[in-house]
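# Understanding the architecture of this molecule
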Amino acid sequence: MLYGRWWGEKTWTLTPSIAVVGQFLQSFKEFPASQKSASFSVEQALQSLQSVKQ
């Protein structure tokens with residue numbers, strides 16, 4: 001039951017954290033990403049290796 005007590009005592013942090021996260025997300029309007037995010041998958045690596053082999 002200690003976790004339940006701890007969780008109950010910390011729920012007050014949810015409301016302020018919503019405001020902080022909201023401000024962070026709003027910053028993306030003013031400062032959008034400067035480059036496309038990287039994407040990597042095992043399938044892409046295998047295809048790359050197979051194309052080099054041939």
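None of these values were measured; they are calculated from a predicted model.

### What to know about the confidence of the model for the protein
The predicted model of the protein has a mean per-residue pLDDT of 88, with 96% of residues at 70 or higher. In the model of the protein, helix α3 (residues 42-53) stands out as the element of lowest mean pLDDT, 84, in contrast to helix α2 (residues 14-30), which has the highest, 93.

### A few points about the packing of aromatic side chains
Taken as a whole and judged by the stated rule, the model has 2 aromatic pairs. Ring plane angle 80 degrees and centroid distance 5.0 Å describe the contact between F24 and F28, whose orientation is recorded as edge-to-face. In this pair, F24 and F28 both sit in helix α2, 4 residues apart, roughly one turn of the helix.

Reading the values: the criteria
- Residues numbered from 1 in each chain as written.
- Predicted model: local features only at pLDDT ≥ 70, side-chain atom pairs only at ≥ 80, totals over all residues.
- Heavy atoms only, no water.
- pLDDT = per-residue confidence, 0-100.
- Helix = DSSP H or I, 4+ residues; strand = E, 2+ residues; numbered from the N terminus.
- Phe/Tyr/Trp six-rings, centres within 6.5 Å; stacked < 30°, edge-to-face > 60°.

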